Amino acid sequence: EDQVTQSPEALRLQEGESSSLNCSYTVSGLRGLFWYRQDPGKGPEFLFTLYSAGEEKEKERLKATLTKKESFLHITAPKPEDSATYLCAVRGGSNYKLTFGKGTLLTVNP
Amino acid sequence: DTEVTQTPKHLVMGMTNKKSLKCEQHMGHRAMYWYKQKAKKPPELMFVYSYEKLSINESVPSRFSPECPNSSLLNLHLHALQPEDSALYLCASSLRQSTNEKLFFGSGTQLSVL
């Protein structure tokens with residue numbers, strides 16, 4: 001069974017204070033690792049898909065990286081508008097199901 | 001158009017009511033999904049439609065009844081719900097049901113069952 005563990009559960013940063021969120025996964029034959037951002041009461045918003053170890057993707061202040069066992073979401077010089085829950089999810093092998101982690105609640109204070 | 005549109009945004013219903021949630025996308029996606037999300041929990045898959053046919057039912061109680069009238073529309077019919085069914089119901093779509101496709105989510109319907 002695919003498993004995803006995200007850490008920390010919650011992270012509070014000052015504006016401009018860079019940090020990283022972790023997503024550890026166990027999957028049989030990774031087909032894709034997905035990062036989503038979710039604001040309260042809204043649906044998840046797609047950020048990145050990573051397919052193989054060593055892959056990196058960037059979007060504005062966010063950069064996602066992937067190894068064989070974990071993925072990191074690096075946030076550089078965050079702003080208050082980056083405050084949200086960040087969800088990591090995996091799809092493996094022939095499994096149709098997208099398995100989500102519990103998320104990291106990020107709060108960026110001005 | 002890269003949106004998945006869900007209506008209504010909020011719904012309050014009694015345990016004897018019948019209501020429906022609606023979802024629409026015009027991205028040409030042929031896989032559509034219903035997820036349920038409780039507060040501070042990750043989304044949980046309920047149903048998957050592929051090319052308008054029910055592909056996956058994650059052992060969801062029969063008081064939830066999905067319907068896919070055409071390739072752009074997905075409904076979730078609700079009947080005799082319980083208070084524990086209160087949650088955010090999310091619709092999503094992807095180009096196909098293949099395992100490396102990203103999902104696009106709607107903003108959800110916040111459902112309260114009294």
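Residues numbered from 1 in each chain as written. Chains lettered and ligands numbered in written order. Predicted model: local features only at pLDDT ≥ 70, side-chain atom pairs only at ≥ 80, totals over all residues. Heavy atoms only, no water.

Draft legend 1. Expanded view of the overall build of chain B. A tally of helices and strands in chain B yields zero helices and 11 strands. The linear arrangement of helices and strands in chain B, starting from the amino end, is β-β-β-β-β-β-β-β-β-β-β. Over its C-alpha trace chain B gives a radius of gyration of 13 Å, about what one expects of a compact globule, namely 13 Å for 114 residues. With the C-alpha coordinates of chain B rotated into their principal frame, the extents come out at 35 × 25 × 20 Å. (Helix = DSSP H or I, 4+ residues; strand = E, 2+ residues; numbered from the N terminus. Rg over C-alpha atoms; globule rule 2.2 N^0.38 Å.)

Draft legend 2. A look at the sheet that holds strand β3 (residues 18-25) of chain B. Residue and element names in this part refer to chain B. Spatial ordering of the open sheet is given by β1-β3-β8-β7, a layout of four strands whose pairing is antiparallel. Each edge of the open sheet is held by one strand with a lone partner, namely β1 (4-7) and β7 (64-70). Neighbour-to-neighbour, the strand axes of the sheet open up by a mean angle of 20°, direction not taken into account. One ladder, built from five bridges, connects β7 with strand β8 (residues 73-79); its direction is antiparallel. Bridging from a neighbouring strand, N70 pairs with L73 of β8. (Pairing = 2+ DSSP bridges. Axes fitted to C-alpha atoms, helices over the stretch in contact; angles between N-to-C directions.)

Draft legend 3. Geometry of the state of the cysteines. Residue and element names in this part refer to chain A. What the rule picks out here adds up to two disulfides over all chains. Residue C23 pairs covalently with C88 via a disulfide, S to S 2.0 Å. Looking down the S-S bond of the C23 and C88 bridge, the torsion is -65°, so its handedness is left-handed. One end of the pair, C23, is in strand β3 (residues 19-26); the other, C88, is in strand β9 (residues 84-92), with 65 residues separating them in the sequence. Exposure class is identical for C23 and C88. Each is buried. (Disulfide = S-S within 2.5 Å. Buried < 20%, exposed > 50% of the residue type's maximum accessible area, 1.4 Å probe, protein only.)

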